[in-house]
Structure formats: structure tokens, C-alpha cells
Amino acid sequence: MSVVIRATEVVDDPRLLDLLDAAERERADRRSDPTPFITAHALLRRLVSDETGVDPRSIAFEKRCATCGTDRHGKPHVVGMRDVHVSVSYGQHVAVAAITTMGEVGVDVEDLESADFDGFNSVTLDPSEAAHLARVDADGLLAARALTWARKEAILKATGHGLVVDPSQVVVSAPDAPAALVEWKAMQHPPGPTQVADVDVDRADHRAAVAVLTSHPLKVRLHQG
Ligand SMILES: CC(C)(COP(=O)(O)OP(=O)(O)OC[C@H]1O[C@@H](n2cnc3c(N)ncnc32)[C@H](O)[C@@H]1OP(=O)(O)O)[C@@H](O)C(=O)NCCC(=O)NCCS
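Residues numbered from 1 in each chain as written. Predicted model: local features only at pLDDT ≥ 70, side-chain atom pairs only at ≥ 80, totals over all residues. Heavy atoms only, no water.

Asks: How should I be thinking about the site of the ligand in this particular structure?
Replies: In the vicinity of the ligand lie 19 residues, with Arg27, His41, Tyr90, Glu153 and Leu163 positioned nearest. At a separation of 3.4 Å, an oxygen atom of the ligand approaches a polar backbone atom of Val88. Between Glu153 and the ligand, the recorded distance is 2.7 Å, taken from a side-chain N or O atom to an oxygen atom. Of all elements in the fold, only α3 (35–52), β3 (75–78), β4 (85–90) and α6 (141–159) reach the threshold of two or more residues within the shell around the ligand. A per-element tally of the shell around the ligand places β4 first, with three residues. Class assignment of the residues belonging to the shell around the ligand gives a composition of eight nonpolar, six polar and five charged. (Near = heavy atom within 4 Å. Polar contact = N/O pair within 3.5 Å; in protein donor to acceptor, adjacent residues only side chain to side chain. Helix = DSSP H or I, 4+ residues; strand = E, 2+ residues; numbered from the N terminus. Nonpolar A, V, L, I, M, F, W, Y, C, P; charged D, E, K, R; others polar.)

Right, here's the structure in full:
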């Protein structure tokens, strides 16, 4: 069992739009820059297709919100494939998708610039994590912040909570240590065994991580493009 991840640069390729369903196209249409959304959702469809053999256009996704239970937003699931878990993350430049049968999965990619704001520590970090980051050289600080943030968000996407959980209450390992959930301090029910791995998306200005709710060690297979 492994986690398969696909990462790609965001590209304006009209063929990708053909892979999306009507609801995804509507969402894409509402965006001032639809390219990252289209790239990411086409990537997720191609990944699910590669791993399951189903035509990418005939895959249907449903959503489920862990907080309010609606099916109008929240974590994506593949209709008719209960044992298949997926996640997707994207920004202006990079999109990443993950699939596994190991357990609920969350993937997250972060641009270093998105971690460049005053108050990052107070909004996102536990004091123990702030102490780790205080030891990082100035030229590595944004990468360390982005990696820490990606690990936390990957965990919160795997649990389905997203940022309803205060990320400072989800304590992860030091950026120079193997990725791990160290402590769950949030009031929401803890997720149980959780494995985390960093994902090398081959861009110096991005960091990414994946989390799976499982006790088994993660084997990650990464495909670029
Ligand atoms: C999940 C979340 C952290 C992602 O934020 P982000 O960094 O902007 O976006 P990413 O690119 O990394 O991921 C986006 C994808 O995460 C997935 N996602 C959305 N909500 C999710 C959740 N609760 N759990 C797991 N994945 C989720 C979707 O596939 C989404 O893609 P889409 O919006 O194009 O369909 C953020 O959207 C969030 O916190 N959502 C939860 C909000 C919520 O539940 N509020 C309470 C409502 S009752």
C-alpha cells in the first residue's frame, strides 16, 4: 500500500478543461484566474484515472463537511469508491493531488511567500514549534514556516476539519526532523494514528506535505507533471 502523489506546475492548457464536469466548470468560470483550479482538478481526475483505470471524465466526486455534515463543501470523495481516499491542493503556481487506500488523506502545497507575514508564529505555531523555528537561519525561515504549515494543513485536510481547528493546536515536528504529528491539543476529537511525510515538489519556492490517518508507515510515490 502506498500514497501516490502527482504534482504539476499550473499551466494554461485548454485540453484540461475538457476533463472537468459541469459543476467544476461552473466553479472555474466564477474565478478571476481559473487556471490553478482547472489544473488542480484535472490533475486529481488524471491521478484517480491512472490508479483506478476509470476514464477521468466519468469520475464523480462528492463532498462531505466534517464540521456541519453538508455535502456542499468539505473534503472530496470519489463516488462509488469507498476505499479510495483523495486530496488536492493548489496555489498560483503549483498543484498537487494524492490518492491512497491506506486511510483518509490530506495533501497541502504552500508558496514560501504565503508564510511571509508578521504574526505567523502567533497565528499558526505552538510555543514548542516557535522555539524550533527560532533556531532557523533567516534565509531558511520562510521555507521552514511553509513546511511547518504544509504539515499542519495536510493533517487537517486528512481529518476533514480544515482550518476550523486552530492550527497552533496541531503540533508538528521540527522542520529539520522527519515529518510527524507530535501532539493534538485541539478540543476536537483527536484523529488517532496519523502519518505525515514531506513531499518534494521540486521547486525551491514551495513546500508540500501529505498526511494519512493510518498506523502504517507511509510509502510515497511521487510523479511530476
Ligand atoms: C481545507 C482548507 C484548509 C484548504 O484551504 P486552502 O489552502 O485554501 O486550499 P488548498 O488548495 O490546499 O485545498 C483546497 C481543496 O481542499 C479540499 N477541501 C475543502 N475543504 C476540505 C476539508 N474540510 N477537508 C479536507 N479537504 C478539504 C477541496 O478539495 C479544496 O479544493 P476546491 O475548493 O477546489 O474544491 C480550507 O478550505 C478550510 O479550512 N476549509 C474548511 C472550512 C470549513 O469547514 N468551515 C466550516 C464550514 S461548516
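Asks: Just checking my understanding: could you explain the environment of Met1 for this structure?
Replies: Its place among the elements puts Met1 in the segment before β1 (3–9). With relative accessibility at 56%, the residue Met1 sits in the exposed group. In sequence terms Met1 and Arg45 are 44 residues apart; their C-alpha atoms lie 20 Å from each other. Contact partners of Met1, with chain neighbours within four places excluded, come to Thr101, Met102, His216 and Lys219. (Buried < 20%, exposed > 50% of the residue type's maximum accessible area, 1.4 Å probe, protein only. Contact = heavy atoms within 4.5 Å.)

Asks: Looking at this structure, I do not really get the packing of aromatic side chains. What am I missing?
Replies: We describe a pair of aromatic rings using the distance from one ring centre to the other and the angle between the two ring planes. In total, this model carries two aromatic pairs according to the counting rule given. Ring geometry for Phe37 and Tyr90: centres 6.2 Å apart, planes at 90°, overall edge-to-face. Of this pair, Phe37 sits in helix α3 while Tyr90 is found in strand β4, placing the two residues 53 residues apart along the sequence. Phe37 gets classed as buried once you look at its relative accessible area, which sits at 1%. Their ring planes at 65° and their centres at 5.5 Å tell us that Phe117 and Phe120 sit as a pair that is edge-to-face. Note on Phe117: relative accessible area 33%, which makes it partly exposed. (Phe/Tyr/Trp six-rings, centres within 6.5 Å; stacked < 30°, edge-to-face > 60°.)

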